[in-house]
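Now for the letters of each chain:
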Number of protein chains: 2
Amino acid sequence: MTVSFTTTHRDAATAARAGELSTPHGVVRTPAFMPVGTGGTVKGIAAWELERLAPEIVLANTYHLLLRPGVERVERLGGLHRLLAWNGPVLTDSGGYQVFSLGARRRIDDDGVTFQSHIDGSHHRLTPESVVDVQSRFGVDVAMVLDECLSFPAESGHARASMLRSVCWAERGLQRAECLRASDEPWPGGLFAIQQGALDGQLRAECSARLCDKPFDGFAVGGLAVGEPREQLYDAVTEFTPMLPDDRPRYLMGVGYPEDILHAVACGVDLFDCVLPTRSARTGKVFTSCGELVIKNARFADDTEPLDPACDCPTCLRYSRGALRHLFMSREATSVVLLTVHNLAYFLSLMRTAREAIMASRYTRFRAHVESARADGEGIPAVAGEGDPT
Amino acid sequence: MTVSFTTTHRDAATAARAGELSTPHGVVRTPAFMPVGTGGTVKGIAAWELERLAPEIVLANTYHLLLRPGVERVERLGGLHRLLAWNGPVLTDSGGYQVFSLGARRRIDDDGVTFQSHIDGSHHRLTPESVVDVQSRFGVDVAMVLDECLSFPAESGHARASMLRSVCWAERGLQRAECLRASDEPWPGGLFAIQQGALDGQLRAECSARLCDKPFDGFAVGGLAVGEPREQLYDAVTEFTPMLPDDRPRYLMGVGYPEDILHAVACGVDLFDCVLPTRSARTGKVFTSCGELVIKNARFADDTEPLDPACDCPTCLRYSRGALRHLFMSREATSVVLLTVHNLAYFLSLMRTAREAIMASRYTRFRAHVESARADGEGIPAVAGEGDPT
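The structure reproduced in this document is the subject of the present report. Everything quoted here is computed from the prediction, not taken from an experiment.

On a plain count of helices and strands, chain A comes out with 15 helices and 16 strands. Taking 2.2 N^0.38 as the reference for a compact globule, 390 residues should give roughly 21 Å; the C-alpha atoms of chain A span a radius of gyration of 20 Å, in line with that estimate. The principal-axis extent of the C-alpha atoms belonging to chain A is close to 60 × 45 × 40 Å. Split into buried and exposed, the 390 residues of chain A put 56% on the buried side. The long-range share in chain A, meaning contacts at least 24 apart out of those at least 6 apart in sequence, stands at 69%.

The strands making up a sheet associate through hydrogen bonds between their backbones, and the pairing can be parallel or antiparallel. Residues and elements named next belong to chain B. One open sheet holds the 3 strands; their spatial order is 7-8-9, and the pairing between them is antiparallel. Each end of this open sheet is capped by a strand with a single partner; those strands are strand 7 (106-109) and strand 9 (123-126). In this sheet, adjacent strand axes meet at a mean angle of 15 degrees when their direction is disregarded. Where strand 8 (residues 112-116) lies against strand 9, 4 bridges are found, and the strand directions are antiparallel. Paired with threonine 114 across the strands is arginine 125, a residue of strand 9.

Listed by partner, the interface residues are 37 residues for chain A and 37 residues for chain B. Of all the elements in the fold, those that place two or more residues in the side of chain A that touches chain B are helix 1 (47-53), helix 3 (71-76), helix 4 (80-84), helix 12 (314-318), helix 13 (321-329) and helix 14 (333-359) of chain A. With 6 residues, the top contributor of residues to the side of chain A that touches chain B is helix 14 of chain A. The residue inventory of the side of chain A that touches chain B, partitioned by class, reads 18 nonpolar, 11 polar and 8 charged.

Taken as rigid bodies, chain A and chain B are interconverted by a rotation of 180 degrees and an axial shift of 0.0 Å, the fit giving an RMSD of 0.0 Å. The operation mapping one copy onto its partner corresponds to a two-fold rotation axis. Taking the C-alpha atom as reference, chain A places alanine 333 of chain A closest to the rotation axis, 3.8 Å from it.

Looking now at the sheet that holds strand 1 (residues 4-10) of chain A. All names here are of chain A. One open sheet accounts for 3 strands, arranged 1-2-3; its pairing is antiparallel. Bordering the open sheet on either side are strand 1 and strand 3 (26-30), each of which pairs with just one other strand. If you compare each strand with its neighbour and ignore which way they point, the axes differ by 20 degrees on average. Taken together, the 5 bridges between strand 2 (residues 17-23) and strand 3 define a ladder with antiparallel strand orientation. Within the sheet, the bridge partner assigned to glycine 19 lies in strand 3 and is threonine 30. Where helix 14 meets the sheet, it contacts strand 1, strand 2 and strand 3, and its direction lies at approximately 120 degrees from that of strand 2.

The rules behind each value
Residues numbered from 1 in each chain as written. Chains lettered and ligands numbered in written order. Predicted model: local features only at pLDDT ≥ 70, side-chain atom pairs only at ≥ 80, totals over all residues. Helix = DSSP H or I, 4+ residues; strand = E, 2+ residues; numbered from the N terminus. Rg over C-alpha atoms; globule rule 2.2 N^0.38 Å. Buried ≥ 20, exposed ≤ 12 C-beta atoms within 10 Å, placed from the backbone. Contact = placed C-beta atoms within 7 Å. Pairing = 2+ DSSP bridges. Axes fitted to C-alpha atoms, helices over the stretch in contact; angles between N-to-C directions. Nonpolar A, V, L, I, M, F, W, Y, C, P; charged D, E, K, R; others polar. Least-squares fit on C-alpha atoms with pLDDT ≥ 70 in both.

Rendered as structure tokens:
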């Protein structure tokens, strides 16, 4: 197995843990945040800029890449790593989450899902096998199984059938992955299963039990941050995370705000991805150690301080809030670059310091310190989930 | 005088020269290309990215900065260098060129020009004195005088009156600059005059004669690349450049394509600015040693070569044409960053190699070599000038 995971440190007071996820393109020290490189790039920044921010793994979206440029073209251009111009570990989702969010433009059956492209209306089909094929052809380090992601609130009769379907698809995906690994040109990547079951603890437990004895390389908690109240997200993470095996990496999909991440780390989650730092940059929202800032706010117009005086990212070393506000108000593309760099630096630094705290067994103090400093800011929304997933 | 110019080398066969322009923020080795940082940033790239491309001087537009964020705010934010996050030499235009291009939204009189903002319709006025004041308050290294820039073709009766007005304004600007230099907080920047006179050699000669005995720190050829046929641009540069003093820097405003620049260098021009590399990046046009490429062309879809195999910019070191086409077609902001970096690298590298050729007195061979390699590409337009100057 070319993807493996070791827990190297455990926090004394919480379930937080530090680990190392080995992949064909390198080791990811966990807990880790994955910047989102949706359709072949982390939006707005060059690969060398991303590299200087030193993430250890990047996420890309199968749905977007499948539609454009398409799997054959990704192959002809040398694989997904070449397309991203990024030589570190890459994880892709299966495309399921985006497809399910298409609403009327998709039709699900037991064998997979048929959908219309949001770009040109063309018809496509994903099956549990095809999404593994596609991700292996991309050459990714970690692939995700196809799952059915329900919106919030889920109708409970539907939630169990849907969970069972997701389990069945996960097993079919695993079989396909095992075929690919036994082929003449074995695919070296890992495959993660996804726990589903809406907000129902019994369904989540049943799903976990059905998946956990299978040789998946990791497990994700899926179907959260889809519009539920934030308190329910926290309770769910607390309850559902320990259902996943301790000896394999745990990935909380699509979450979230710094506070959400810190809570999940305390519950034993290892991997995160979220569009928040990159998408927020495009709307002028800035993450800092003192909470969020909205850069277009008039009070920053003459402000000569950096975005976050505690930050050593290149944006904070060079630009004042006033200059950034001017560039943002002038709709200069440069402002998106600068805010993206800062926001990613903030999330990545948060994960690095969280990891250090776990290694020193002082995670609870660390978390309290971060959260109390951030409480002065704008606060985070009462509802979890970042809306439009495409 | 804190701005000074020395010619260090002369090409044997042409009027091309290599020189050094000393400014308060450093020395500019000429001939030099100035990337355009219109409203406080070179569009799409962070200041540290710009720095790695190693231009030796950057241009910004007084018109844009005056409207947004305004001169008081630039001052409160620590001056134009702080706003740009760029600590090297900065040259600003006077705003005249942009104002004259506003057409019905501006009204000229002998004492200056009144105009309406293209952003919010607010009324503003520029005088020969105020533009020097504003540029000195920006803290620029080189300021330009207010001039009247005629569109092509100019009506000849009007051209002489307009030229005389520009000369008068230049003298008034110089008087103001001398006051500022004699003040308690002396402004250390230089002031360049602008030769006008449409395409009329006699008017250009008269204008030059009237300006040349004044202690300007440099002289520009203005009013070209405003829509005239390319052949007329070349003839004009050939004829008008030598009218300017040999002992001071010569700046050809707003020009242009690589071939235009190479011609002007041969005529003894030292400084250039143009939006071409940055604006073209936004429309997917790429400058290379083999001529221009249009990246959205379908023939690049599966192309694994870099934009320019002869280029060592970070974009060419990392990204294939196919990947760049995909990002451009997907409207990813990253593609603009990547193409901007490449295009600027191309122009800056062209100037560095031109300078080396002059120093080795082999400029003619160098120019023939560059032009013959580029002749395979898409070719350059028959009409000079890059349209919308705002």
